[in-house]
Amino acid sequence: MRRRFFTVPGSRTMFSLIVLLALAVVSLGITVFADEAVIEEAAEAVEAVEAVEAVEEAAVEEESGPAVFATAFSLLPPVIAIVLALITKEVYSSLFIGILAGALLAADFNPLATMDIMLNDGFISAVSGSAGIFIFLVLLGVLVALINKTGASKAFGEWAKTHIKSRVGAQLATFAFGVLIFIDDYFNCLTVGSVMQPVTDANRVSRAKLSYIIDATAAPICMIAPISSWAAAVASYAEGTGYSGFTLFVRAIPYNFYSLLTLAFIVALTLMKFDYGPMAIHEKNAIEKGDLFTSGTEHAAVETGAENKKGKVMDLVIPIVVLIAISVFALVYVGGILDGVDFVTAFGDTDATVGLPWGGIITLLVTIIFLLCRRVITFKDAMDCIPEGFRAMVPAILILTMAGTLKNMTTNLGSSEFVEAFMADASGLHNFLPAVIFLVACFIAFSTGTSWGTFGILIPIVTSIFPASSELMYIGMSACLAGAVCGDHCSPISDTTIMSSAGARCDHINHVSTQLPYAITVAAVSFVSFIIAAFIQNWVISLIIALVLMIATLFVIKKVTAKKA
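Conventions we followed
Residues numbered from 1 in each chain as written. Predicted model: local features only at pLDDT ≥ 70, side-chain atom pairs only at ≥ 80, totals over all residues. Heavy atoms only, no water. Helix = DSSP H or I, 4+ residues; strand = E, 2+ residues; numbered from the N terminus. Buried < 20%, exposed > 50% of the residue type's maximum accessible area, 1.4 Å probe, protein only. Contact = heavy atoms within 4.5 Å. Areas by Shrake-Rupley, 256 points an atom, 1.4 Å probe, with all protein chains shown as cover. Patch = residues over 30% accessible without salt bridge, like charges linked within 9 Å, V, L, I, M, F, W, Y side chains within 5 Å. Salt bridge = Lys/Arg side-chain N within 4 Å of Asp/Glu carboxyl O. pLDDT = per-residue confidence, 0-100. Expected span 1.5 Å × (residues − 1). Core = buried A, V, L, I, M, F, W, Y, C linked by side-chain atoms within 4.5 Å.

1. Structural notes on the overall build of the protein
Inference 1: A count of helical and extended segments in the protein gives 25 helices and zero strands.
Inference 2: Here the protein, with 565 residues, has 50% of them falling under the buried criterion.
Inference 3: The contacts of the protein with a sequence gap of at least 6 include a subset with a gap of at least 24, amounting to 80%.
Inference 4: Of the accessible surface of the protein, which amounts to about 25600 Å², a share of 68% is contributed by carbon and sulfur atoms.

2. Side note on helix α23 (residues 495-504)
Inference 1: Most of α23 is tucked away, with nine of its ten residues classed as buried.
Inference 2: For α23, the full list of buried residues reads Asp-495, Thr-496, Thr-497, Ile-498, Met-499, Ser-500, Ser-501, Gly-503 and Ala-504.
Inference 3: Trailing α23 by a residue or two, Arg-505 shows a phi angle of about 55 degrees, which is positive.

3. Considerations on a nonpolar patch on the surface
Inference 1: On the surface, a nonpolar cluster with roughly 740 Å² of combined accessible area is contributed by Phe-432, Phe-535, Ile-536, Trp-539, Val-540, Ile-541, Ile-544 and Val-548.
Inference 2: Top element by residues in the nonpolar patch is helix α25 (residues 539-564). It accounts for five residues.
Inference 3: Examined against the element boundaries, Val-540 turns out to sit in helix α25.
Inference 4: By relative accessible area, Val-540 is classed as partly exposed at 37%.

4. Section: unusual backbone geometry
Inference 1: In this structure, Arg-204 is a non-glycine residue whose phi angle is positive, near 55 degrees.
Inference 2: Within the secondary structure, Arg-204 sits in the loop between α8 (185-202) and α9 (207-216).
Inference 3: Unlike most non-glycine residues, Lys-273 shows phi in positive territory, near 55 degrees.
Inference 4: Mapped onto the elements of the fold, Lys-273 is located in the loop between α13 (257-272) and α14 (278-289).

5. Examining the environment of Ile-97
Inference 1: With respect to the helices and strands, Ile-97 occurs in helix α3 (residues 91-106).
Inference 2: You can call Ile-97 partly exposed: its relative accessible area is 42%.

6. Structural notes on the side chain of His-508
Inference 1: Structurally, His-508 is set in helix α24 (residues 508-536).
Inference 2: Since its relative accessible area comes to 6%, His-508 is described here as buried.

7. What to know about the confidence of the model for the protein
Caution is warranted with low-pLDDT regions, since their predicted coordinates should not be read in detail.
Inference 1: Overall, the prediction assigns the protein a mean pLDDT of 80, with 81% of residues at 70 or greater.
Inference 2: Averaged pLDDT values over the elements of the protein bottom out at 50 in helix α1 (residues 11-63) and peak at 96 in α13.
Inference 3: Segment residues 1-9: pLDDT under 50, and one contact once partners within four positions in sequence are set aside and those in other chains are kept.
Inference 4: Residue range residues 300-306 is modelled with pLDDT below 50. Its contacts to residues more than four positions away, or to other chains, number 18 contacts.

8. So, helix α22 (residues 471-490)
Inference 1: In this model α22 runs 29 Å from its N-terminal to its C-terminal C-alpha over 20 residues, within 8% of the 28 Å that 1.5 Å per residue would give.
Inference 2: Counting buried residues along α22, 19 of its 20 residues qualify, which places the element largely inside the surrounding structure.

9. Points about the nonpolar core
Inference 1: In this structure, Leu-95, Leu-137, Leu-146 and Met-499 are the most contacted members of the largest nonpolar core, which totals 75 residues.
Inference 2: Per-element accounting of this core gives the leading share, twelve residues, to helix α5 (residues 131-150).
Inference 3: Among all residues touching Leu-137, those that are not within four sequence positions of it are Leu-190, Met-393, Ile-397, Leu-400 and Met-499.
Inference 4: Counting residues in each nonpolar core, the second largest holds 73 residues, with Phe-257, Leu-261, Val-440 and Tyr-474 among its members.

Here it is as structure tokens:
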């Protein structure tokens, strides 16, 4: 008989097993429901603990912040960089030393923390935040290389020589061209420089003067043009203040004395045919000796394409027109114009770091196809322009990266909190406050090298100081914007200053040192004009007085310099 491997239980045994199984299921259900209640209570307890820990961590982080946070030392790093740049005439090492000083202060001189802050909060953050700008710069560099490769710039120079036959005409033509390109200051600097350089060179206008005209018609014209990347930036910084950013920008234009007076200054100085300060030396050497540089060397640039005889003026004009048209569309497209919003709203909501590269890529493709169809250059020549254009922009990209890193250091040190506290202490000055705001904005932009960063710090403060119904609100806003442009204009670490040097292929320190007396002259007249405007509170009368003061100041300077000569 075979052995069974299992046996079937009896009826009693089977009943017992069923009862036990039922009890187990009931027990399991009770346990599950009980566990759910326990889990909910435990989750609530964990959330409470996490909230307490977050508060404690925030308190610890605040307590463990840098010892010089929100003090005057927060502006020390850019001051160090600027002083060193002016003394050594070397911008790369000066910027790096300023960055290192900021990282040391932010880390309380801890070596490991210093490296961490300098790399993660500094360089990496600066590169990621400026990636769109870098792409646009490279695209513009390639576009300029293509135009130069065709010989179109030389052709335009030859055409201009037959129509522009004086130094005054060359300078006014450069000014007019700069005013026409009001979309973006980067685009303005690089385009005007590459197009007008043959004309100014032929008429013996120094590169320092060319770079000044470029710089003085870049940011100032963008700051008074409602359709520009700067208007979009101001509108975005005004979000959360309870005001329409675009309305604030437009209402502030008539009181933006620095921008308006800078444009008047260029025209008056050119027509009066004199210069002063270091610029006079550069202009004298250019006129008498044909020396366009005086000191320093010409910046590396893409090939001029002088031996290409196929290029025509249209090969220069058409790419620029296409770039302007597509850039405008790209800016409003990014702002959502295809989603049903109006043009003004779309421009106010745009992001220039996205829109400009968007337009640049399309323009570059169109330009390559256009030039290949005209058989002005070969496909190989067009591809060779890509690394050439990139190399031409490397110095500017490097300086922009370091300047952005330096700005991040000042932010980590609480520069905005320090300025806010300073402005709160000065709130009792009433009608003198716009002039004070102008000076503060000048100093911040000069120290940090960024006018847009200055907007971000001061616009919320300005809107909180003045009542909405007061004309002083718009005067104070214009003082903030004008001071930011002025400081940016003077600063050797400013992006537009760097781009102006690159566009004119001028030594950067020469550009800074020669334009500084001019910018300070306009700033001084603007400071007085803001005091007058705060009391008059009528933009027509205030602007007329400002223009009269500007012209009168130039006549006085001309008379004084003539006596010294």
